[in-house]
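Secondary and tertiary structure notes
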Amino acid sequence: MMPFEIPGHLEVKNGHLHVGGVDTVRLAAEYGTPLYVTNEGRLRENYRRFAAAFPGVQIFFAAKSNNNIVVQKILAQEGAGADAFSDGEIYLARLAGIPAEKILFTGNSKTDAELRYAVDAGTMVSVDSHDELIALSKIASAAGREVRIGFRVNPDVDAKAHPKLATGLKKSKFGIPREQIVSIYKEARDLPGVKPVGIHCHIGSQILETGPFAEAMGKMMDLVEQICGFIDLEWVDLGGGYGIPYQKGAKTPTPQEWADAILPVFDERCRKLGIRPELHLEPGRYIVADTTVLLMQVNTVKRSGSNFVATDAGFNTLIRPAMYDSYHEAVVANKADAAPADTYTVVGPVCESGDILATDRKLPAVRKGDIVALLDAGAYGFCMSSQYVGRPRCAEVLVHDGQAELIRKRETYDDLLQNQIVPGRLL
Ligand SMILES: *Cc1c(COP(=O)(O)O)cnc(C)c1O
């Protein structure tokens, strides 16, 4: 008996958790732990499933959710564009083979240097403020370029997400209030160096209901109605935020259900207005989260205030539980078909009491040396990891056709020193 039903793209064979046909216990032994293991087949499936529900829609993968160049290359092959939140993300997305025309530079606090980088690269820009509009107009016209822009709208929609993941509330730092939209488009229309062609919003992350998307789409189309008379609108971008069922058995909308909530609103309003802009979406988490497991080795099992399992990965490796109180299923990878025997709290090796990865989980009897897998670690996982407490960042492996390939080396002690400079007088 299994503690819960293993999701379809994972398997248990000979008592071991397998990802993409590869034994995770063998991977832990071969590459060491902690280790992020990403399933290429699942990544492609997720992208195709999402894209199939939204025919004619251009997908801009939210690059911040997984910054591995191999993951981005695979998505580029699948036809994805990128939502890049910084110059570094533009750099990576272009290296991954995503053409600049399919990159939207988002971000609420862009430096002039970043804007110049985007202008030179030829990306589109989602402008988040009046200051940014003026800066971009100057930079682009000085370079003799015309940048295609949209404005990020604050749609004032409650996404019913975790407070740290809600980005479209009236008080949130992102975007331009709806009341200012008409005047800023008019101003932008007459400025050199920028060409307003789109409109953008992003209401939050790990959203579990379709309602907030339908509401945001409606509010965006209200604004489209007000600007389409003087702006030749080429695209409307509804952002990302599509949630996934971290807790197995949780019900979340399917891409088809998201589409059924969003597309009729978009199509109907476009038809009434007699316009035909493209719809853009920016899923991050939905595409990458369940492609990846995080493998960790158990250092200690100890009964004190709780029944603790202490592993070699903590919030330095996966910050989501500490930062967002998020839930990740835990599986004892080398005992994946054993019956639950006890209730455990899985913690990391960081010197903080908030370093908890999974609380009060029913697991088979856990022993030192066991391998614990945390599922759904592909979004906001490695990319949010750090060297806190002097631990080099871990490795990443890609599995494909039953084979494993190293796609990011484990860091070494030297990496802890990288770019640090000791002044000569202290040598
Ligand atoms: C983070 C972000 C996304 C992706 O959000 P997910 O919840 O991962 O889908 C999309 N667009 C923008 C502008 C973002 O900041």
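Residues numbered from 1 in each chain as written. Predicted model: local features only at pLDDT ≥ 70, side-chain atom pairs only at ≥ 80, totals over all residues. Heavy atoms only, no water.

A closer look at a nonpolar patch on the surface
- Together, Val422, Leu426 and Leu427 give the surface a local cluster of nonpolar side chains, amounting to about 350 Å² of exposed area.
- Looking at the element boundaries, Leu426 is found in the segment after helix H12 (413-417). (Patch = residues over 30% accessible without salt bridge, like charges linked within 9 Å, V, L, I, M, F, W, Y side chains within 5 Å. Areas by Shrake-Rupley, 256 points an atom, 1.4 Å probe, with all protein chains shown as cover. Salt bridge = Lys/Arg side-chain N within 4 Å of Asp/Glu carboxyl O. Helix = DSSP H or I, 4+ residues; strand = E, 2+ residues; numbered from the N terminus.)

Observations regarding the sheet that holds strand E3 (residues 22-23)
- In space, the 3 strands of this open sheet follow the order E1-E2-E3, with antiparallel pairing throughout. Edge strands, defined here as strands with exactly one partner in the open sheet, are strand E1 (10-13) and E3.
- Across 4 bridges, E1 lies against strand E2 (residues 16-19) in antiparallel orientation. Bridged to Lys13 within E2 is His16. (Pairing = 2+ DSSP bridges.)

Here we look at the pairing of strand E5 (residues 58-62)
- Most of E5 sits out of view: 5 of its 5 residues are buried.
- Neither face of E5 is exposed, since Gln58, Phe60 and Ala62 on one face and Ile59 and Phe61 on the opposite face are all buried.
- As judged from the 2 bridges shared by E5 and strand E13 (residues 278-281), these two strands associate in the parallel manner. Bridging across to E13, Gln58 finds its partner in His280.
- As paired elements, E5 and strand E6 (residues 81-84) share 3 bridges and run parallel to each other. (Buried < 20%, exposed > 50% of the residue type's maximum accessible area, 1.4 Å probe, protein only.)

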